[in-house]
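# Commentary on secondary and tertiary structure
Single-letter residue listing:
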Amino acid sequence: MLAPPLFVPPRPEPPATAPHGREFLRLVRTNALRMWPVQAYEQDAYQQGLFGLKWTLLNDPEAIHHVLVENAAGYRRTAATIRVLRPIVGNGLLLSEGETWKHQRRTIAPALAPRVLPVLARHIAAAAREAVKALAAQPDQPLPIVLAMQQLALDIAGRSMFSLATRAFGAEMRGLITWFGMNLAGPRLLDMALPIWMPSPRDFRRRRFQARWMAFIDRIIAARLAEPPAAQPRDLFDLLRAARDPETGAAFAPAQLRDQVATMIVAGHETTATTLFWSLYLLAADTAEQARLAAEVRGVDLGPDAAWDAIARLPRTRAVVNEALRLYPPAFTIVRQAIARDRAGATDIPRGGIVMISPWVLHRHRRLWRDPDAFDPARFLPEAPQPARFAYLPFGAGPRVCVGAQFALTEAAIVLATLVQAFDIVLDDLEPVLPVGVVTLQPNRLTTFRLRPRAGQPGRGAGRELAADAHPSAA
Ligand code: HEM
């Protein structure tokens, strides 16, 4: 018997020819996914000259390995990346370079290491359970699910990294991040053309935003410092405060600590919220896959004490998360600038050349994937062949690989399993939802879903059971 056809989610059509000049700039600002023409999805490398610089998109896994791993020190972040991200993450781990970066990475990585994950999983499971309770209190209502996922991911980041309930400041934080994304995040020509030491016209507005945003982060830190001190570090914040430079013995100065807090909150919740949204979208559209997932999670204890152990028994859930990250990688482009002339695979990179590794293009590359645009979680099941090395990079690779990757995967699996266990997830309208690339991969509209309590779920996280003790203030 023939296998049923795979679900192919809608995607923005790539242009037939490469956009140039003003059109290129408009797309970088409004939807960077449309920058790449059809042939970019078929070739090993795609080069074009723009604004006096050579831009190279690399799809050849060996060449990518060279840039991100082998010769990582030969590349740096671009002026445009720094301009766009600095107002919101300061000089924290994401943007620091050289010795400062090494010290920060050594300090922060242990707080997100595999041995810490069981503790983080508890926070995640508790937050997911509360979210289900709140959602079950208003069943079958049209729900802008992306907003619900942003709120939940922020709540998880606040609890697990800073032991703080985000209720008091969540709305203001989302407001500031959204405003920045809509008004100042899209780079303009001068943001790309001017060296970083020379302010671009928009940098002045960005600085004003940064002052406002960092004052807000200071208020969060003040709230955290008002908590009674603990004998042992209880979260990432305590570890950051206790950290000392192995050579000088110096602690993070208050401004450095604030930049790390901003980095972890921003890098750690927007991306995970997006992953959850796209996973739910795919499952709502592909009801057969949702039924398979519901069968996998039926009766599984996903409470705070059990969630960590449960993940090992949820291969299909993990595969759905991995496949959502393939089709909709939140960090859709990794950009570097060559410090000196280089050769990546068969491609010459001039000094100062811009190198782009786009998980969006790479994950849909015609030669690297079978049915590249189709939703097929089975390709990530344990018994399936591994994807080609350096063809699947949702978290980047090399020394600057995402420090929160395991945390993000744990969070996505627990939240997804908890939601599917409790609810039948239904699309409220059948209009296609398309990804838009601005900072992260967002949906093009605030689509609504309906969450219907799943019938016959005896599991401890089930919606019906939780609805019974739900209270409207639980949100
Ligand atoms: C699905 C969720 C996530 C995705 C897709 C993602 C993706 C990425 C990618 C692609 C990079 C590498 C960027 C580059 O090489 O230029 C990165 C770096 C980073 N990520 Fe994530 N991330 C996620 C979740 C998180 C979480 C949960 C945290 C924090 C708890 C986090 C913190 C960071 C930091 C601090 C860096 C910079 C690391 C460095 O430069 O040393 N991310 N992330």
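Everything numeric here is computed off the predicted structure, so don't read it as measured data.

Parameters and conventions
Residues numbered from 1 in each chain as written. Predicted model: local features only at pLDDT ≥ 70, side-chain atom pairs only at ≥ 80, totals over all residues. Heavy atoms only, no water. Donors = N, O, S within 2.8 Å, 3.2 Å for Na, K, Ca; no water. Helix = DSSP H or I, 4+ residues; strand = E, 2+ residues; numbered from the N terminus. Phe/Tyr/Trp six-rings, centres within 6.5 Å; stacked < 30°, edge-to-face > 60°. Buried < 20%, exposed > 50% of the residue type's maximum accessible area, 1.4 Å probe, protein only. Axes fitted to C-alpha atoms, helices over the stretch in contact; angles between N-to-C directions. Parallel < 35°, antiparallel > 145°, perpendicular 65-115°, else oblique. Left-handed = near helix turned anticlockwise from the far one by under 90°. Contact = heavy atoms within 4.5 Å. Nonpolar A, V, L, I, M, F, W, Y, C, P; charged D, E, K, R; others polar. Near = heavy atom within 4 Å. Polar contact = N/O pair within 3.5 Å; in protein donor to acceptor, adjacent residues only side chain to side chain. Core = buried A, V, L, I, M, F, W, Y, C linked by side-chain atoms within 4.5 Å. Pairing = 2+ DSSP bridges.

### Looking at the coordination of the iron atom of the ligand
No other protein atom reaches the iron atom of the ligand as a donor apart from C402 (SG), found 2.3 Å away. In this structure, C402 sits in the loop between α15 (359–362) and α16 (405–422).

### What about the packing of aromatic side chains?
Counted under the stated rule, the structure contains 14 aromatic pairs. Geometrically, the ring pair formed by F169 and F216 is edge-to-face, given 6.3 Å between the ring centres and 75° between the ring planes. Here the residue F169 occupies a position in the loop between α6 (145–162) and α7 (170–183), and F216 occupies one in helix α9 (residues 201–225), the gap between them amounting to 47 residues. As far as the burial class goes, F169 and F216 line up, both buried. Centre to centre, the rings of F277 and F449 are 6.1 Å apart; their planes meet at 40°, and the pair counts as tilted. Taken together, the residues F277 in helix α11 (residues 254–285) and F449 in strand β12 (residues 448–453) connect sequence positions 172 residues apart. Note on accessibility: F277 and F449 belong to one class, buried.

### Some words on the packing of helix α14 (residues 315–327) against α16
It is the contact of α14 with α16, at a shortest axis distance of 9 Å, that shows an interaxial angle of 120°. The angle between α14 and α16 falls in the class oblique. As for the relative orientation of α14 and α16, their crossing is right-handed in sense. Contact residues: α14 offers T317, R318, V320, V321, N322 and L325, while α16 offers L409, A412, A413, L416 and A417. Among the residues making up the contact of α14 with α16, the classes are represented as eight nonpolar, two polar and one charged.

### Examining the site of the ligand
Taken together, 28 residues form the shell around the ligand, and within it R77, W101, R105, R336 and C402 come nearest. In this structure, an oxygen atom belonging to the ligand sits 2.8 Å away from a side-chain N or O atom of W101. A distance of 2.7 Å separates an oxygen atom of the ligand from a polar atom in the side chain of R105. Mapped by element, the contributors of at least two residues to the shell around the ligand are α4 (98–108), α11, β5 (334–338) and α16. Classifying every residue of the shell around the ligand gives 17 nonpolar, seven polar and four charged.

### Describing the nonpolar core
W36, M173, W213, I217, F423 and F449 are the most contacted members of the largest nonpolar core, which has 131 residues in total. Considering every element that reaches this core, the biggest residue donor is α11, with 14 residues. In this structure, M173 is in contact with L154, W213, F216, I220 and I265, ignoring residues within four places of it in sequence. Counting residues in hydrophobic clusters, the runner-up holds 16 residues, among them L58, I64, V67 and Y75.

### Comments concerning the environment of D44
Relative to the assigned elements, D44 resides in the loop between α1 (21–30) and β1 (45–50). Here D44 falls in the partly exposed class, since its relative accessible area comes to 39%. In the structure, D44 is positioned 16 residues away from D60 in sequence and 4.7 Å away in space, judged by C-alpha atoms. Setting aside residues up to four positions removed in sequence, D44 forms contacts with L57, L58, N59, D60 and R367.

### Some details on the packing of helix α5 (residues 117–136) against α16
Where α5 meets α16, the axes come as close as 9 Å, and the angle between the chain directions of the two elements is 30°. Here α5 runs over α16; the crossing is right-handed. Only Q406, F407, T410, E411, I414, V415, T418, L419 and A422 of α16 make contact with α5, whose side of the interface consists of L117, L120, A121, I124, A125, A128, R129, V132 and L135.

### Some words on unusual backbone geometry
Despite not being glycine, D371 shows a phi value in the positive range, around 40°. Structurally, the position occupied by D371 is in the loop between α15 and α16. By relative accessible area, which is 39% here, D371 ends up partly exposed. Although it is not a glycine, V439 adopts a positive phi angle of roughly 65°. V439 sits in the partly exposed class, given a relative accessible area of 45%.

### Points about the side chain of T410
Tracing the sequence through the fold places T410 in helix α16. Its relative accessible area of 6% is what places T410 among the buried residues. A polar side-chain atom of T410 sits 2.7 Å from the main-chain carbonyl oxygen of Q406.

### Brief notes about the sheet that holds strand β4 (residues 143–144)
Hydrogen bonds between backbone groups are what pair the strands of a sheet, and the pairing can be parallel or antiparallel. Taken together, the three strands give an open sheet; going across it, the order is β4-β12-β9, and neighbouring strands pair in antiparallel fashion. This sheet does not close on itself; its edge strands, each paired only once, are β4 and β9 (423–427). Alignment of β4 against β12, held across two bridges, turns out to be antiparallel. Its bridge partner being in β12, P144 is matched across the sheet by T448. Sheet strands touched by α11: β9 and β12. Its angle to β9, the strand with the most contacts, is close to 85°.

### Examining the pairing of β12
The sheet contact formed by β9 and β12 spans five bridges and is antiparallel. Bridging across to β12, I425 finds its partner in L451.

### Here we look at the sheet that holds strand β8 (residues 354–357)
Taken together, the five strands give an open sheet; going across it, the order is β1-β2-β8-β5-β3, and neighbouring strands pair in mixed fashion. A single partner strand is all that each edge strand has here, and the edge strands are β1 and β3 (75–76). Across two bridges, β3 lies against β5 in antiparallel orientation. Bridge pairing in β5 places R76 opposite Q337. Here helix α2 (residues 61–70) sits on the sheet in contact with β2 (53–58), β3, β5 and β8, set at roughly 115° to β8.

### Some thoughts on the side chain of T263
Of note, T263 is situated in helix α11. Not counting residues within four places of it along the chain, the set of residues in contact with T263 comprises V89, G92, L93, L94 and G268.

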